[in-house]
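# Observations on chain architecture
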Amino acid sequence: MTAVNIPKLRVRPKKAQNLSQCAVEMSALATCWASASVDDKRCAEMAKALTACMQGGRPKPAKRTNINHHLARLGKQVLGK
């Protein structure tokens, strides 16, 4: 039986980090401030939406699996490193 050359065992690729959940509201408020003044009444509604979003709190992260950790351990045993 010949050994198979497997440099890294991975089931799932690493996840890219998501933008903040309030990034859209913050961008809209900054755009409003850039087009008008900071004290403009048109931007007040966007400021309230950003405040409400930020007070909502962070959602609980989904439970991550540890399959890649176990595959890395198994790979060391299989490859003999």
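Relevant structure appears above.
Computed from a prediction, not measured in an experiment: that's the story for all the values here.

## Some points on the nonpolar core
The nonpolar side chains of a soluble globular protein tend to be buried, and buried together. Counting residues in each nonpolar core, the largest one holds six residues, listed as Cys 22, Leu 29, Cys 32, Cys 43, Leu 50 and Cys 53. Looking at this core, the elements that each hand over two or more residues are α1 (23–35) and α2 (44–55). Setting aside chain neighbours within four positions, we find Cys 43 in contact with Leu 29, Cys 32, Trp 33 and Ser 37.

## Overview of the state of the cysteines
Per the stated rule, a full pass over the model turns up two disulfides. The side chain of Cys 22 participates in a disulfide bridge whose partner is Cys 53; the two sulfur atoms lie 2.0 Å from each other. Residues Cys 22 and Cys 53 are joined by a disulfide whose S-S torsion is about -95°; by sign, that bridge is left-handed. One end of the pair, Cys 22, is in the segment before α1; the other, Cys 53, is in helix α2, and 31 residues separate them in sequence.

## With respect to helix α3 (residues 67–79)
With 13 residues, α3 extends 18 Å from end C-alpha to end C-alpha; this agrees with the ideal 18 Å at 1.5 Å per step. The complete set of buried residues in α3 reads Asn 68, Leu 71 and Gly 75. For α3, the buried positions fall inside an angular range of 55° around the axis, keeping them on one side. Exposed positions of α3 whose direction lies more than 90 degrees from the buried face are Lys 76 and Gln 77.

Reading the values: rules and limits
Each chain carries its own residue numbering, running from 1 in the written order of its sequence. Local features in this predicted model are restricted to residues of pLDDT 70 or higher, and side-chain atom pairs are both shown and tallied only at a pLDDT of 80 or more, whereas totals for entire chains, interfaces and linings draw on every residue. The side-chain quantities take in all heavy atoms of the structure and omit both hydrogens and water. Buried Ala, Val, Leu, Ile, Met, Phe, Trp, Tyr and Cys residues that are joined via side-chain atoms within 4.5 Å together make up what is termed a nonpolar core. In this scheme, a residue with accessible area under 20% of its type's maximum is buried, one over 50% is exposed, and one in between is partly exposed, where area comes from a 1.4 Å probe on protein chains only. We count a stretch as a helix when DSSP gives it H or I for four or more residues in a row; a strand needs E for two or more, and each element gets its number in order from the N terminus. Residues count as neighbours in contact if any of their non-hydrogen atoms are within 4.5 Å of one another. Disulfides are defined as pairs of cysteine sulfur atoms found within 2.5 Å of each other. Working rule for helices: expected span equals 1.5 Å times residues minus one. This arc describes the spread of directions from the helix axis toward the C-beta atoms.

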